[in-house]
Amino acid sequence: MKNLRHGEFFGQTNKTLHFDGLTITDTEYTHPFVDWHYHENPYFTFLLQGNMKEGNKKEIYDCSAGTLLYHHWEDAHYNIKPDVFTRGFHVEITEKWFENFQLSKDKVEGSFNIKNPDLKLLTYQIFKETKLNDKSFEMTINQLLLTIFSQLSNQKDNLQKKPAWVKHIEEILHENFTEKLSLADLSQTLDIHPMHLSRDFHKYFQCNLGEYIRKLKIEKSLSILNDFETLSEVALECGFSDQSHFIRCFKENIGITPLKYRKILK
């Protein structure tokens, strides 16, 4: 089984950044099939365009644009890519980075698909920072990455403590966020009191229902920005009431306008 060393990824790498024990790459996937392999360092894979299938010892993921995966060091996996342009963004983390920030690299283990919209939006912001000519981008990326690891660690610690309705509502929201949802209907479906849902949602999702739904909409918009000619079409596809509302929410979550983000995606 092939062991990929620091900075090694299959495909055509278009841009590489090295700083503070991080290696960040923007890579086009060119191999239709990559056999079982592993990497010497933990890393995140974020699919910017296209799609692929990835398998590890526990699961197989159908990955489309916007998929965020985490791979622990030396966790074996394989990839299958259809005949479409597919582009990935990787953040590889060395032992030096973990030591610099006094973290254990074993605090988060395994290979898994990250569906939390907060973490995906943070990763989009990391990608954005790599494309902007800003002197503080290294500090900003470190801050964003520390926030991601903090949230991943908290999720792991709280995994056994979550009531069943938390997973259920997460599934409902991810499947129906473009539709009009009501607190009363959600409470009835979950069979819990609306007051209980209102009070405890923030405890498990660190935001209110409306904010969570808006984050899911923004997450979707980021993965389809290049698929539509106008922003109004993107806004409609993602369930926003109008283009101005979409632009305002996008800037609040990502820090720049959708049009500016579309430019750095190219």
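Each value, and the rule that gives it
Residues numbered from 1 in each chain as written. Predicted model: local features only at pLDDT ≥ 70, side-chain atom pairs only at ≥ 80, totals over all residues. Heavy atoms only, no water. Axes fitted to C-alpha atoms, helices over the stretch in contact; angles between N-to-C directions. Helix = DSSP H or I, 4+ residues; strand = E, 2+ residues; numbered from the N terminus. Parallel < 35°, antiparallel > 145°, perpendicular 65-115°, else oblique. Left-handed = near helix turned anticlockwise from the far one by under 90°. Contact = heavy atoms within 4.5 Å. Nonpolar A, V, L, I, M, F, W, Y, C, P; charged D, E, K, R; others polar. 1 Å grid on protein atoms, 1.4 Å probe; cavity = no way out; pocket = protein on both sides within 12 Å on 5 of 7 lines; lining within 4 Å. Points joined across faces, edges and corners; volume = space filled by probe spheres on them. Core = buried A, V, L, I, M, F, W, Y, C linked by side-chain atoms within 4.5 Å. Buried < 20%, exposed > 50% of the residue type's maximum accessible area, 1.4 Å probe, protein only. Expected span 1.5 Å × (residues − 1). Arc of directions from axis to C-beta. Pairing = 2+ DSSP bridges. pLDDT = per-residue confidence, 0-100.

### A closer look at the packing of helix α4 (residues 164-176) against helix α5 (residues 183-190)
Interhelical geometry of α4 versus α5 gives an angle of 130° and a closest axis separation of 10 Å. Taken together, α4 and α5 sit at an angle that is classed as oblique. Where α4 crosses over α5, the two elements pack in a sense that is right-handed. From α4, Trp165, His168, Ile169, Ile172 and Leu173 reach across to α5, where they touch Leu186, Thr189 and Leu190. Here the contact of α4 with α5 is built from residues that sort into six nonpolar, two polar and no charged.

### Observations concerning the layout of surface pockets
By volume, the second largest pocket is sized at about 390 Å³. Forming the walls of the second largest pocket are 17 residues, and the residues nearest its centre are Ser64, Gly66, Lys120, His174 and Glu219. Sorting the residues of the lining of the second largest pocket by element identifies β7 (60-64), α4 and α7 (209-224) as the ones contributing at least two each. Classifying every residue of the lining of the second largest pocket gives three nonpolar, six polar and eight charged.

### Looking at empty space enclosed by the protein
Taken as a whole and assessed by the stated rule, the structure comprises two cavities of 30 Å³ or more. Around the largest cavity sit 19 residues that line it, and Phe10, Tyr29, Val34, Asn79 and His90 are the ones nearest its centre. Residue assignment for the lining of the largest cavity shows that the elements contributing at least two residues are β4 (33-39), β5 (43-49), β6 (51-56) and β9 (77-80). For the lining of the largest cavity, the residue count by class is eight nonpolar, nine polar and two charged. Of the volumes computed, that of the second largest cavity is approximately 50 Å³. If you go around the second largest cavity, the residues you meet are Lys15, Leu17, Ile24, Thr25, Asp26, Phe89, Phe127, Thr130 and Lys131. Of all the secondary-structure elements, those providing two or more residues to the lining of the second largest cavity are β2 (12-19), β3 (22-29) and α2 (117-131).

### Notes on the nonpolar core
Core analysis: the largest hydrophobic core is formed by 46 residues, its most contacted members being Phe44, Ile93, Leu145, Phe149, Ile218, Ile254 and Tyr261. Setting aside residues no more than four positions away along its own chain, Leu145 makes contact with Leu22, Phe44, Val91, Ile93, Trp97 and Ile126. Counting 18 residues, the second-largest nonpolar core is a separate cluster that includes Trp165, Leu186, Leu190 and Ile213.

### With respect to helix α6 (residues 194-205)
Here α6 contains twelve residues, and its C-alpha end-to-end distance of 16 Å stays within 8% of the 16 Å for a straight helix at 1.5 Å per residue. When α6 is considered as a whole, its buried residues turn out to be Leu197, Asp200, Phe201, Tyr204 and Phe205. The buried residues of α6 occupy an angular sector of 130° when the element is viewed end-on, so they sit on one face. With respect to the buried face of α6, the exposed residues turned more than 90 degrees away are Met195, Arg199 and Lys203. Looking at the buried residues of α6, the elements they touch are α2, α4, α5 and α7. Just downstream of α6, Gln206 is the residue with a positive phi angle, here 60°.

### A short note on the sheet that holds strand β8 (residues 68-71)
Taken together, six strands build an open sheet; the order of strands is β2-β3-β10-β5-β8-β11 and the sheet is antiparallel. Both outer strands of the open sheet, β2 and β11 (111-114), are each paired with one neighbouring strand and no more. Neighbouring strand axes in the sheet, compared pairwise and without regard to direction, differ in orientation by 20° on average. In this sheet, β11 lies alongside β8 in antiparallel orientation, the contact comprising four bridges. Across the sheet, residue His71 finds its bridge partner in β11, namely Ser111. Across the face of the sheet, α2 comes into contact with β2, β3, β5, β8, β10 (86-93) and β11 while running at roughly 95° to β10.

### Focus on the confidence of the model for the protein
The share of residues in the protein with pLDDT of 70 or more is 98%, and the mean pLDDT across the chain is 92. For the protein, per-element mean pLDDT is lowest for strand β1 (residues 2-4), which scores 82, and highest for helix α8 (residues 231-237), which scores 96.

### Here's the deal with the side chain of Glu129
Along the chain, Glu129 turns up in helix α2. Classification of Glu129 as buried rests on a relative accessible area of 10%. Those residues in contact with Glu129, other than ones at most four positions away along the chain, are Phe137, Thr140, Ile141 and Leu144.

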